[in-house]
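# Observations on the three-dimensional arrangement
Residue-level listing of the chains:
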4 protein chains.
Amino acid sequence: MSASIKRIGVLTSGGDAPGMNAAIRSVVRTCAFHGIECMGIYRGFEGMIEGDITEMGPRAVKNIVNKGGTILKSARSKEFMKPEGRLKAFQSLKKNGIDALVIIGGDGSFTGGMVFNKEFGFPVMGIPGTIDNDIFGTKYTLGYDTALNTVVEAIDKIRDTANSHNRLFFVEVMGRDAGHIALNAGIGAGAEEILIPEENLGLDRLLESLQKSKASGKSSSIVVVSEGDKIGKNVFELKDYVEENLPEYEVRVSVLGHIQRGGSPSCFDRVLASRLGVKAVESLLEGKTNFMVGIDCDVIQLTPLEQAVKGKSKIDEELVRVSDIMST
Amino acid sequence: MSASIKRIGVLTSGGDAPGMNAAIRSVVRTCAFHGIECMGIYRGFEGMIEGDITEMGPRAVKNIVNKGGTILKSARSKEFMKPEGRLKAFQSLKKNGIDALVIIGGDGSFTGGMVFNKEFGFPVMGIPGTIDNDIFGTKYTLGYDTALNTVVEAIDKIRDTANSHNRLFFVEVMGRDAGHIALNAGIGAGAEEILIPEENLGLDRLLESLQKSKASGKSSSIVVVSEGDKIGKNVFELKDYVEENLPEYEVRVSVLGHIQRGGSPSCFDRVLASRLGVKAVESLLEGKTNFMVGIDCDVIQLTPLEQAVKGKSKIDEELVRVSDIMST
Amino acid sequence: MSASIKRIGVLTSGGDAPGMNAAIRSVVRTCAFHGIECMGIYRGFEGMIEGDITEMGPRAVKNIVNKGGTILKSARSKEFMKPEGRLKAFQSLKKNGIDALVIIGGDGSFTGGMVFNKEFGFPVMGIPGTIDNDIFGTKYTLGYDTALNTVVEAIDKIRDTANSHNRLFFVEVMGRDAGHIALNAGIGAGAEEILIPEENLGLDRLLESLQKSKASGKSSSIVVVSEGDKIGKNVFELKDYVEENLPEYEVRVSVLGHIQRGGSPSCFDRVLASRLGVKAVESLLEGKTNFMVGIDCDVIQLTPLEQAVKGKSKIDEELVRVSDIMST
Amino acid sequence: MSASIKRIGVLTSGGDAPGMNAAIRSVVRTCAFHGIECMGIYRGFEGMIEGDITEMGPRAVKNIVNKGGTILKSARSKEFMKPEGRLKAFQSLKKNGIDALVIIGGDGSFTGGMVFNKEFGFPVMGIPGTIDNDIFGTKYTLGYDTALNTVVEAIDKIRDTANSHNRLFFVEVMGRDAGHIALNAGIGAGAEEILIPEENLGLDRLLESLQKSKASGKSSSIVVVSEGDKIGKNVFELKDYVEENLPEYEVRVSVLGHIQRGGSPSCFDRVLASRLGVKAVESLLEGKTNFMVGIDCDVIQLTPLEQAVKGKSKIDEELVRVSDIMST
């Protein structure tokens, strides 16, 4: 282990995601395990600039493994985008005797970390935390599995009312520009059709599919729409469009919204968070920097931050095919 | 028990609500218990007109006590609003040998039942099924308790993300013109402010309340808005209004939507449904008609349908006061 | 309002129950609302003796309305049963300037409070917190509704596996000497048979009932057994007994255990806790003492502590009858 | 695609697991997608012998993707272990025109399938369904992820009461002879110590660990014990042992039991089930036989049944190490 790292700072940045608390806990306890200190930085880079930093020992993170959100909070920081802001941030870290930084967040936060490292040579390690699962270098991001469960449970409830009234529901889910949540939760919820940005379904194909459903005896239908879908209409416009073209359908819309961001993390996310936290701290102690810890083939691995922020995680064509077959 | 009732028909009408299936099960099994037959009528009054009716014995309702939605489905019926439609409906019932009718639904469905009874002298009994809890004559309607739990669980998740980002969330909940869901779930979720139709809060009072919250150290806030609220702006307009007038607040909106209508019923709703079903069937067997079974002071009671459809269930002022004190 | 009460102490005692935290929050915020101070006493009467007491303002109870357990903890106190112990406790309260006491717990805790009041004339008010719902003077105790939901959800899961394998499950639930949980959750879960202390079912009747079930076509069965049931055998012995006498049944046992005590409180429990907390504080401010706040006919009311600890809450015979009819 | 397979039979066997219904649905719909027929065989090999077989089209499996248990039921079959039994089974399949068989179950069921194939040259394909996750050739078995979530949610509730009373809880979880559930759910629930069959912890080490916990300030503790653990004492004996040796600890036991087998499958299990079902049917159509479909590195793959039944899935040492670090 590197002798030079004696105190690691940890922050959460970008959109919050379930599992971030479990990751903070893992970083804190791994530091304690290795006999080094850990400091929590509040409100992401903004708090780093302001010096809103506090010591965190193992007892400070008790009982948070199962909590959604992040006890360190998160905030946007316009200051950090300017060199003066980053200089202040660096000075805060130095003033607190922090040697290295763990950033739990998405690619936006990693970009900030990369720039910071370039300017000050400060060791940084990234842990991918976002429900969108759209970061290159990791098969799963923290919060994604939990969000999938939140979405299928919500759609299960919507299905009850759709079935009772023989209705068609358009359900919009999060994902930014990626269709992972829509595709997986769509399969999990038995959706008729799934609209994701990566596949250009087209309105004609959608109408055709819905007509076929009615014909084959299906009385209720769910169409899951990713928020980044590029079909050209939002869910409300899709509702109108379908009601005009297929008048036998009674259509409703549900935008699941921010319930997808919160909630107690699933066991998978808690374990993943714990594993990633250990790897992040131990990589820093080994003298490594500018990596994102991630998981692939169930092995915890490192990906250079440049690749993590540039690349995109691809949609599995096999999954798209499975979703089509399941709609039979 | 009345010797003339030998076969009872049961239907679900209006918006679906969790607990309807448990009520259907209760009606079916109470009939069997008393040695009379039961027939399920699909899709409310529409199915009654079409004769979409089937025998239902105790095994037909196994394993539905915990299911949301309604296995008998529900549908609007324009036909039933016309005398010709209702005549066809009456003939369907006669053709199937049905002597009496149990209607599980809201006041709209009860009105239909009352008219039907007036025209044909056909015995009808109502079971209040709606998440809005706005029917006079019963302290709780089927589905209300479940919806309250669905709402607080959803707001708990939103709270996670509100806390992480120090944000204000406007959360719109169902209730038609009543504020029961908003008021109770608002208290349960620790909402800062609750906007219900029965109380005219006013925009100034809302801004004042939010300013006070910030000043007292609260970093995140939830404002629960009933869909029937008369403050003059919908949730999206409220968001804009607050962001203009209180720029230090970052505001988001969440419309919970149809998840509130579905889901596995709570224990309370399952037990209530079972008790109401027994009372409905046994009241018909006693020769009673034109009543709604309901609960008050934990006693199952009967309310004449005319009163049930006219009156409104009042908001508890004590609860409004409690919600104010809790926002301290 | 009484001018003499300026600082109220609050503690949780006895078995924990979901909703206790919401009650603590309500007491703290009602005190703040009335401009008086509140102090939290840790670990029940034991902490009171040790002076483990801290100030609690509105921000100290943020985000606990939806948490199970109790942030003030609970503990048995042998010391408090002795006059010397109670004297020390009284001195702790005096030393901290506490004028009145709110005790959140069960009848054991109320008894302690009554004795304390008799010895020192110290104003006490009780809030009923226990999942057993067996306290006279209140239709519902805090935690009961949540426990009912926990139990039916657990039995729903057991039902899945019972149905898959055509098995009979004996499920033991909590309740001390009362059958409320067993009876209500039994109805909610569609149990074949429910064994409660208040009704002496008898082994013959149980076998007969199970035989009838098989004959009528039921492939799986759940029998809910209250922990205080007096049938003479525990659940494991019942399993053996049934397997010997009805060899066609494959039997399993599940003791739900302590999951029944925890978990996020239901909306009902959160609202009840909030209402009871307000009433408790305001009753003390009105100069009242030695009462338990409770709910009946949806009205918050006061019951003298002597009655609350002596009386028992009766089983509703109507509910027993409903459970029989539902097993048809 | 093979021209000879025109009708595929599907059955569920062994212990039920969440996701089995989603897998049945996937097999049925994949058959329909490829224009071939599908028949459901009830109660595993026992129903196959009895000819309890029925046609299953796409509408027969609607709304089961989110249901726990198995609509085809499962049963042990002593008959099938004898050649005469298997001959009858073969004749049932022939009589129903079934060309190939999909077996959803555990290694016991696969062994039965292998023998059957050896005797009659009948094409069989296995889908791993068991919560224990102990089958070689697949990183995840159907039902495992759901069971992990069920366990951490149960332990979260137990944690509430453990924290309230400063108690130590021994929680026994399923897993047969494998420690996967205990290890992963133990990490997810923040357990102090995890006892699994694969690691010989020893009683001294357990006591030492518990003493260290108390010393470091932890007030409540959870020890997760796998049902197959070989420490020499069952959970009740462990409780007594700890109470004798560490009298400052108040200990309770919870055996989670059969709730672990049921419940609505997680999104992960629903998607995995759908993917495995497609692969199973399409592999049979390609003329393959005697394989188990599984997942590794997120790729659906085939493992020869002999390997699947012989090998064991190993515990990840990295996870064991992470669990130790998290207990700091």
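Keep in mind that what you see is a predicted model, and the values were worked out from it rather than measured. (Residues numbered from 1 in each chain as written. Chains lettered and ligands numbered in written order. Predicted model: local features only at pLDDT ≥ 70, side-chain atom pairs only at ≥ 80, totals over all residues. Heavy atoms only, no water.)

## Some thoughts on the interface of chain A and chain D
- Listed per partner, the contact involves 51 residues of chain A and 51 residues of chain D.
- Connecting chain A to chain D are ten salt bridges.
- Residue A:Asp298 pairs with D:Lys139 through a salt bridge whose shortest N-O separation is 3.0 Å.
- The interface formed by chain A and chain D contains 19 residue pairs in polar contact (both at pLDDT 80 or more).
- When contributions to the side of chain A that touches chain D are tallied by element, the ones reaching two or more residues are α1 (20–33), α5 (144–165), α6 (180–188), α9 (267–285) and α11 (317–326) of chain A.
- Tallying contributions element by element places α9(A) first for the side of chain A that touches chain D, with eight residues.
- Residue composition of the side of chain A that touches chain D, grouped by class: 20 nonpolar, 16 polar and 15 charged. (Contact = heavy atoms within 4.5 Å. Salt bridge = Lys/Arg side-chain N within 4 Å of Asp/Glu carboxyl O. Polar contact = N/O pair within 3.5 Å; in protein donor to acceptor, adjacent residues only side chain to side chain. Helix = DSSP H or I, 4+ residues; strand = E, 2+ residues; numbered from the N terminus. Nonpolar A, V, L, I, M, F, W, Y, C, P; charged D, E, K, R; others polar.)

## Quick notes on unusual backbone geometry
- Phi at C:Asn166 takes a positive value of approximately 50 degrees, unusual for a residue other than glycine.
- Looking at where C:Asn166 falls in the secondary structure, it is placed in the loop between α5 (144–165) and β6 (168–173).
- Of note in the backbone geometry, D:Asn63 takes a positive phi value of approximately 65 degrees without being a glycine.
- Looking at where D:Asn63 falls in the secondary structure, it is placed in the loop between β3 (53–55) and α3 (83–95).
- A relative accessible area of 31% means that D:Asn63 is categorised as partly exposed. (Buried < 20%, exposed > 50% of the residue type's maximum accessible area, 1.4 Å probe, protein only.)

## Re the interface of chain D and chain C
- If you look at the interface, chain D gives 33 residues, while chain C gives 33 residues.
- Across the chain D/chain C interface, buried area totals approximately 2500 Å², and carbon plus sulfur atoms make up 47% of it.
- Together, D:Lys157, D:Ser164 and D:His258 form the three largest contributors to the area buried by chain D at its contact with chain C, with a combined 25%.
- The shortest N-O distance in the salt bridge between D:Glu250 and C:Arg76 comes to 3.0 Å.
- Remark: the boundary between chain D and chain C carries 19 residue pairs in polar contact (both at pLDDT 80 or more).
- Elements that contribute at least two residues to the side of chain D that touches chain C include exactly α5 (144–165) and β9 (251–255) of chain D.
- Of the residues forming the side of chain D that touches chain C, the biggest block, nine residues, is contributed by α5(D).
- Partitioned by chemical class, the residues of the side of chain D that touches chain C number six nonpolar, 17 polar and ten charged. (Buried area = accessible area lost by both parts, 1.4 Å probe.)

## So, the domain arrangement of chain A
Residue and element names in this part refer to chain A.
- Domains assigned within chain A are domain 1 (7–143 + 265–310) and domain 2 (144–261).
- For domain 1 and domain 2, the distance between their C-alpha centres works out to 34 Å.
- At the interface, 18 residues of domain 1 touch 13 residues of domain 2.
- Regarding the contact of domain 1 and domain 2, the summed buried area is about 1200 Å², with carbon and sulfur atoms giving 47% of it.
- On the domain 1 side of the contact with domain 2, Ile131, Asp132 and Asn133 bury the most area, a combined 42% of that side's loss.
- Connecting domain 1 to domain 2 are four salt bridges. (Domains from an automatic or database assignment.)

## So, empty space enclosed by the protein
- Counted under the stated rule, the structure contains five cavities of 30 Å³ or more.
- When its volume is computed, the largest cavity comes out at roughly 250 Å³.
- For the largest cavity, the lining is made up of 19 residues, of which B:Tyr140, B:Tyr144, B:Asn184, B:Leu319 and C:Asp298 are closest to its centre.
- Contributing elements (two or more residues each) for the lining of the largest cavity: α5 (144–165) and α6 (180–188) of chain B together with α9 (267–285) of chain C.
- In terms of residue class, the lining of the largest cavity is built from ten nonpolar, three polar and six charged. (1 Å grid on protein atoms, 1.4 Å probe; cavity = no way out; pocket = protein on both sides within 12 Å on 5 of 7 lines; lining within 4 Å. Points joined across faces, edges and corners; volume = space filled by probe spheres on them.)

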